[in-house]
Amino acid sequence: MDQIDPTALVLHKDSCLLVLNKPAGLAVHGGPKTPESLENHLPALSFGNRFTPQPAHRLDRDTSGCLALGRHAKAMTRLGRLFAERLVGKTYWGIVQGQPPQPKGRIDLALLKVQHRQGWQMQGNAAGQAASTEYEILGQANGQTWLAFRPLTGRTHQIRVHAAALGCPLLGDTLYGPPGATDMAAGLMLHARQLTIPYYAERAPVRVEAPPPPHMLTRLAALGFNI
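What you see is a predicted model, and the numbers here were worked out from it, not measured in a lab.

**Here's the deal with the pairing of strand β10 (residues 144-151)**
Remember that side chains alternate between the two faces of the sheet whenever the strand is regular.
Point 1. By the criterion of burial, β10 is predominantly enclosed, with seven of the eight residues buried.
Point 2. The sheet contact formed by strand β5 (residues 89-97) and β10 spans six bridges and is antiparallel. Bridge pairing links isoleucine 95 to tryptophan 146 in β10.
Point 3. Relative to β10, strand β9 (residues 132-141) is paired through eight bridges, and the arrangement is antiparallel. Looking at the pairing, alanine 141 lines up with glutamine 144 of β10.
Point 4. What sits between the antiparallel neighbours β9 and β10 is a turn of two residues, in which asparagine 142 has the positive phi angle 55°.

Dropping the structure here:
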């Protein structure tokens, strides 16, 4: 990726929390095959604190949008509990090929991680972990649909697999979209639009929205999004 200024990604900052607008293509955590990741830039987000902020959850490398970080150890503990107890509201925007059978609905499909010769992927399998996602149509045009996804669980690749199981694979999904059914060159059309975090007991929940990434804007505009 091009050189990034991590401070320019900040959507929300208070004494306990940061919420970033993570760019598509930037992994949250590094690894042997991922020398560049958000982890490399976390010290720049300390803003004078001794504690380096840490991500409280994960987004896929190719998914853009809202990512919450804790600014101290107590915040990380509280955020971990809120996410584990599914108290954090998450809304994603996705652009899919085709149209769901109903304007809104819910997908209940357990997911299992399966290894194969090329690597691994998640598959719908009753032996896997329970996974549920609500969806709602926000716009349609030219055989494509703009959907809001609200995952009720937090499984790896959950929205991507559930969209494909619905018969509406996400555009740009090279792992779960059937060949020829999606535009792979444009990038994955999945964006973490909003987080609602009930962090403070005596305050309203922290609600943060991330503007859509550049690679999704033209398609969203064609589907009714007012840029």
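**Observations regarding the nonpolar core**
Side chains that are nonpolar tend, in soluble globular proteins, to be buried together.
Point 1. Core analysis: the biggest nonpolar cluster contains 26 residues, and Leu69, Tyr92, Phe149 and Leu170 have the highest contact counts within it.
Point 2. Core analysis: the second largest hydrophobic core is formed by 18 residues, Leu79, Leu82, Tyr200 and Val208 among them.

**As for the state of the cysteines**
Point 1. Per the counting criterion, the structure on display carries zero disulfides.
Point 2. Of all cysteine sulfurs in the structure, the one in cysteine 16 sits closest to cysteine 66, which takes part in no disulfide; the separation is 18 Å.

**Thoughts on the side chain of threonine 153**
Point 1. Within the secondary structure, threonine 153 sits in the loop between β10 and α2 (158-165).
Point 2. Polar side-chain contacts of threonine 153 include one of 2.7 Å to the side chain of glutamine 158.
Point 3. The residues touching threonine 153, leaving out its near neighbours within four places in the chain, are Arg86, Lys90, Ala130, Ala131, Ser132 and Gln158.

**With respect to the pairing of strand β2 (residues 17-22)**
Point 1. Burial of β2 is extensive: six of the six residues sit out of reach of the surface.
Point 2. Side chains Leu17, Val19 and Asn21 project from β2 onto one buried face, and the interleaved Leu18, Leu20 and Lys22 project onto a second face that is buried too.
Point 3. Inspection of the sheet shows strand β1 (residues 10-13) paired to β2 by three bridges, in the antiparallel sense. Its bridge partner being in β2, histidine 12 is matched across the sheet by valine 19.
Point 4. In terms of strand pairing, β2 meets strand β4 (residues 64-70) through six bridges, oriented antiparallel. Residue pairing across strands places leucine 18 opposite leucine 69, the latter belonging to β4.

About the thresholds
- Residues numbered from 1 in each chain as written.
- Predicted model: local features only at pLDDT ≥ 70, side-chain atom pairs only at ≥ 80, totals over all residues.
- Heavy atoms only, no water.
- Buried < 20%, exposed > 50% of the residue type's maximum accessible area, 1.4 Å probe, protein only.
- Helix = DSSP H or I, 4+ residues; strand = E, 2+ residues; numbered from the N terminus.
- Pairing = 2+ DSSP bridges.
- Core = buried A, V, L, I, M, F, W, Y, C linked by side-chain atoms within 4.5 Å.
- Disulfide = S-S within 2.5 Å.
- Polar contact = N/O pair within 3.5 Å; in protein donor to acceptor, adjacent residues only side chain to side chain.
- Contact = heavy atoms within 4.5 Å.

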